[in-house]
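Chain and residue survey
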Amino acid sequence: MAAGLTEKQRRFCEEYLIDLNATRAYLAAYPAVKKESTAAQAGSRMLRNVKVAEHIRERMEDRQKRTEITQDRVLRELAAIAFADVTDIVSYNGGRVVIKPTEDVPRETRKIIAGIKEGQYGTEVKTYDRIRALELLGKHLGMFDQKKDDLDRKEQEARIAKLQREAQRDDETKEISVSIMGMGVDEIAEILQ
């Protein structure tokens, strides 16, 4: 058993590592819990447990070393799919689509090929979904985070309002300083009273 973990906590960790679903992992580790909402809350709490979180992190690092699958490698594969040029695989010649020999296709481009088969109308080359790859890359980069965009917009609006207030104050200060220039001390004292 992992140091400092109960048997149920250890089981939760093992189940969580399957699909990173805390609710499902909690239901598997604690079969007496029947309500999904209860399992969702308890699973979330379980992930915040220091010992559980540390055990999961260690197991994920071990798996990463064992499989040699890193975030960088996954991102490179997604980028290969997202930015590949299909003309490296096929060409359009005299009204016909011609598939290039595999050895003539760059290794990086071959990564986009999901399958090749003989179909009713000839050889078919199926590629992985380019839009989905772009979407996953965009999400990773935080490009589609609506909450973040809303916060950024609100922050910008607040900054603009602050700058407008400061500019207005500066204008008022300039007006006062311009209007008192050339006045005598007695006249200025009279205005300030």
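Above this note sits the structure.
These remarks concern the structure in this document. (Residues numbered from 1 in each chain as written. Predicted model: local features only at pLDDT ≥ 70, side-chain atom pairs only at ≥ 80, totals over all residues. Heavy atoms only, no water.)

1. Describing the packing of helix 1 (residues 7–19) against helix 2 (residues 22–29)
Running from N to C, helix 1 and helix 2 point in directions that differ by 140 degrees, and their axes come no closer than 8 Å. In terms of axis orientation, helix 1 runs oblique to helix 2. Viewed along their axes, helix 1 and helix 2 form a crossing whose handedness is right-handed. On helix 2, the residues touching Lys8, Arg11, Phe12, Glu15, Tyr16, Ile18 and Asp19 of helix 1 are Ala22, Arg24, Ala25, Tyr26, Ala28 and Ala29. Of the residues in the contact of helix 1 with helix 2, the class split is 8 nonpolar, no polar and 5 charged. (Axes fitted to C-alpha atoms, helices over the stretch in contact; angles between N-to-C directions. Helix = DSSP H or I, 4+ residues; strand = E, 2+ residues; numbered from the N terminus. Parallel < 35°, antiparallel > 145°, perpendicular 65-115°, else oblique. Left-handed = near helix turned anticlockwise from the far one by under 90°. Contact = heavy atoms within 4.5 Å. Nonpolar A, V, L, I, M, F, W, Y, C, P; charged D, E, K, R; others polar.)

2. Topic: the nonpolar core
Within the largest apolar cluster, 16 residues are counted, with the highest numbers of intra-cluster contacts made by Phe12, Tyr16, Tyr26, Tyr30, Met46, Val52 and Ile56. Secondary-structure elements contributing two or more residues to this core are helix 1, helix 2, helix 3 (36–48) and helix 4 (50–67). Residues within four places of tyrosine 16 in sequence aside, it is in contact with Asn21, Ala22, Ala25, Leu47 and Ile56. Grouped together as the second largest cluster of nonpolar side chains are 10 residues, Ala84, Ile112, Ala133 and Leu137 included. (Core = buried A, V, L, I, M, F, W, Y, C linked by side-chain atoms within 4.5 Å. Buried < 20%, exposed > 50% of the residue type's maximum accessible area, 1.4 Å probe, protein only.)

3. As for the packing of aromatic side chains
Per the stated rule, a full pass over the model turns up 3 aromatic pairs. A ring pair is formed by phenylalanine 12 and tyrosine 16, whose centres lie 6.0 Å apart and whose planes are at 15 degrees; its orientation type is stacked. Of this pair, phenylalanine 12 and tyrosine 16 both sit in helix 1, 4 residues apart, which is roughly one turn of the helix. A residue is classified by how much of its surface remains accessible, and phenylalanine 12, at 0% relative accessible area, is buried. A ring pair is formed by tyrosine 26 and tyrosine 30, whose centres lie 4.3 Å apart and whose planes are at 15 degrees; its orientation type is stacked. By the burial criterion, tyrosine 26 is buried, and tyrosine 30 matches it. Three or more aromatic residues joined by ring pairs make a cluster, and in this case those are Phe12, Tyr16, Tyr26 and Tyr30. (Phe/Tyr/Trp six-rings, centres within 6.5 Å; stacked < 30°, edge-to-face > 60°.)

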